[in-house]
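Below are the chains, spelled out letter by letter.
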Amino acid sequence: FEQARVIGNTLQGRIGQHKVLEQVFGTSAADIFDQVQRVQIIACGTSYHSGLVCKYWLEDWAGIPCDIEVASEYRYRKVVVSPGTLFVTISQSGETADTLAALRLAKELNYLASLTICNVPNSSLARESDLVFMTQAGPEIGVASTKAFTTQLVSLQLLTIVLGRRHQLSAEREAELVEALHSLPSLCEEVLSLDPEVLEMSEHFSEKHHSLFLGRGPQYPVAMEGALKLKEISYIHAESYPAGELKHGPLALVDSDMPIVAVAPNNDLLEKLKSNLEEVQARGGMLFVFADKDAGFKNNGSTKVINLPHVPASLEPIIYTLPLQQLSYHVAVLKGTDVDQPRNLAKSVTV
Ligand code: F1P
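Residues numbered from 1 in each chain as written. Predicted model: local features only at pLDDT ≥ 70, side-chain atom pairs only at ≥ 80, totals over all residues.

As a matter of local geometry, the ligand sits amid 15 residues, with G45, T46, S91, S93 and T96 nearest to it. Here the shell around the ligand takes 3 residues from helix α3 (residues 45-62), the largest share from any one element. Its residues assigned to classes, the shell around the ligand shows 4 nonpolar, 10 polar and 1 charged. (Near = placed C-beta within 6 Å. Helix = DSSP H or I, 4+ residues; strand = E, 2+ residues; numbered from the N terminus. Nonpolar A, V, L, I, M, F, W, Y, C, P; charged D, E, K, R; others polar.)

Spelled out as structure tokens, the structure:
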């Protein structure tokens, strides 16, 4: 529930007068950004999911190729580095052992420079990276990242803008993106106020053992994050799929006992998503849809809809994450699990 405020903090002093300030990333940032041809993102867990969203933004808006990998795999394979590649780590704690080891390995390779997006000043990643962008989420009390994730997305959007203006991002498009970011804190408030509806929806999950989360495009990593939150704090098995992949296997899992969560903003992928969801319903699956209010979903016996305000496409991954976090929270509370300290997990994975 702090997210409107902390997102405001992450934006403050970084955008203004339709300009994203690049020196915030470090004194040598402008020189380094001028040379970036490609981006390699490395992170773990929730932070990995924010990186996956950023890949869509960097490639779609900025025309900059982006690779992303979990740190725990990256450091155990032979890596080929293309010229002009910026090495980006994302981490709430700045201390995750795999991410830190990946950064140390990257320094021995031929990367242009390293940049970290992290939430803890003076953390190991912040100290050892060439450039640093601090999210302003404040301390994350619980193990499961929530506000860290959304402030990471905001930070990654600013990174996409400063890199993109050197590539294919026009000044007009940059101004549109910045205007959308200005509206983000109040949109977060509006969406978080849907909490009573999300609570009602959560009652359908507390007796379930499995669930499926679906999204398309940048909403696929959002579905991944929604599934991870449910797993982490309620211990319900949750899988995420790009909705178009259903027919390649997971459709076999669908029956009336499998709740299907879908992320459905009103964008150019909506019609494709709807036809994927029809396939689910035809097999008796119960749908729980977080939808744009004009997306045309109706509540009925097999579909429960939570209508969200229409938001600019650039904000969809941030806004649609919020009710998914709330859903996991309410399911966990109903099940009586420890929301802040789930079993077997540590806030900072330092070994
Ligand atoms: C990565 C992470 C978190 C997760 C949990 C364990 O941490 O996987 O996303 O919620 O706390 O660690 P970090 O590198 O973002 O600090």
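Before going further, it helps to examine the sheet that holds strand β11 (residues 286-292). Strand order across the open sheet formed by 5 strands is β9-β8-β10-β11-β12, with parallel pairing between neighbours. The open sheet has two edge strands, β9 (237-242) and β12 (303-308), and neither has a second partner. Going from strand to strand, the sheet's axes swing by 20 degrees on average, the running direction of each strand aside. (Pairing = 2+ DSSP bridges. Axes fitted to C-alpha atoms, helices over the stretch in contact; angles between N-to-C directions.)

Here we take up the domain arrangement of the protein. What the domain assignment reports for the protein is domain 1 (3-186) and domain 2 (194-335). At the interface, 16 residues of domain 1 touch 17 residues of domain 2. Of all the elements in the fold, those that place two or more residues in the side of domain 1 that touches domain 2 are α3, α7 (147-164) and α8 (171-192). (Domains from an automatic or database assignment. Contact = placed C-beta atoms within 7 Å.)

Taken together, the buried positions of helix α5 (residues 97-107) are occupied by D98, T99, L100, A102, L103 and A106. The elements touched by buried residues of α5 are β3 (38-43), α4 (71-74), β5 (85-91), β6 (113-118) and α6 (124-128). (Buried ≥ 20, exposed ≤ 12 C-beta atoms within 10 Å, placed from the backbone.)

This part covers the packing of α8 against helix α12 (residues 316-335). Orientation of α8 relative to α12, taken along the N-to-C sense of each, is 25 degrees, at an axis distance of 10 Å. Of the possible angle classes, the one that applies to α8 and α12 is roughly parallel. In terms of crossing hand, the pair formed by α8 and α12 is right-handed. Residues L184, L187, C188, V191 and L192 of α8 form the contact with α12, whose participating residues are I318, I319, L322 and P323. For the contact of α8 with α12, a count of residues per class yields 9 nonpolar, no polar and no charged. (Parallel < 35°, antiparallel > 145°, perpendicular 65-115°, else oblique. Left-handed = near helix turned anticlockwise from the far one by under 90°.)

The 5 strands lie next to each other as β4-β3-β5-β6-β7, forming an open sheet whose pairing is parallel. Two strands in the sheet have a free side with no partner beyond their single neighbour: β4 (66-70) and β7 (131-134). Along the sheet, successive strands turn relative to each other by an average axial angle of 20 degrees, direction set aside. Strand direction decides the pairing type here: β5 and β6, joined by 6 bridges, are parallel. Paired with S91 across the two strands is C118, which belongs to β6. Contacts from α5 reach β3, β5 and β6, with the element oriented near 165 degrees to β5. Strands β5, β6 and β7 of the sheet are contacted by α7, whose axis makes an angle of about 145 degrees with β6.

In low-pLDDT segments, the atomic positions of the prediction should not be examined closely. For the protein, the mean per-residue pLDDT works out to 95, and 100% of the residues sit at or above 70. The ipTM value of the predicted complex is 0.96, and its pTM value is 0.97. (pLDDT = per-residue confidence, 0-100.)

Counting residues in hydrophobic clusters, the biggest one holds 115 residues, and the most contacted among them are I41, L214, A262, A264, V289 and I319. Considering each element in turn, this core owes the most residues, 10 residues, to α7. Viewed by domain, this core spans two of them, domain 1 (3-186) and domain 2 (194-335), each represented by three or more residues. Apart from residues no more than four positions distant in its own chain, L214 is found in contact with A223, Y241, A243, I260, V261, A262 and N276. (Core = buried A, V, L, I, M, F, W, Y, C linked by C-beta atoms within 7 Å.)

Attention now moves to unusual backbone geometry. Leaving glycine out, the prevailing phi sign among residues is negative, and the prevailing peptide bond configuration is trans. For N122, which is not a glycine, the phi torsion comes out positive at approximately 70 degrees. For N122, the position within the fold is in the loop between β6 and α6. Judged by local crowding, N122 falls into the exposed class, with 8 C-beta atoms found within 10 Å. One non-glycine residue, Y235, lies in the positive phi region at around 65 degrees. Position of Y235 among the secondary structure elements: in the loop between α10 (219-234) and β9. Residue classification places Y235 among the partly exposed positions, given that 16 C-beta atoms sit within 10 Å.

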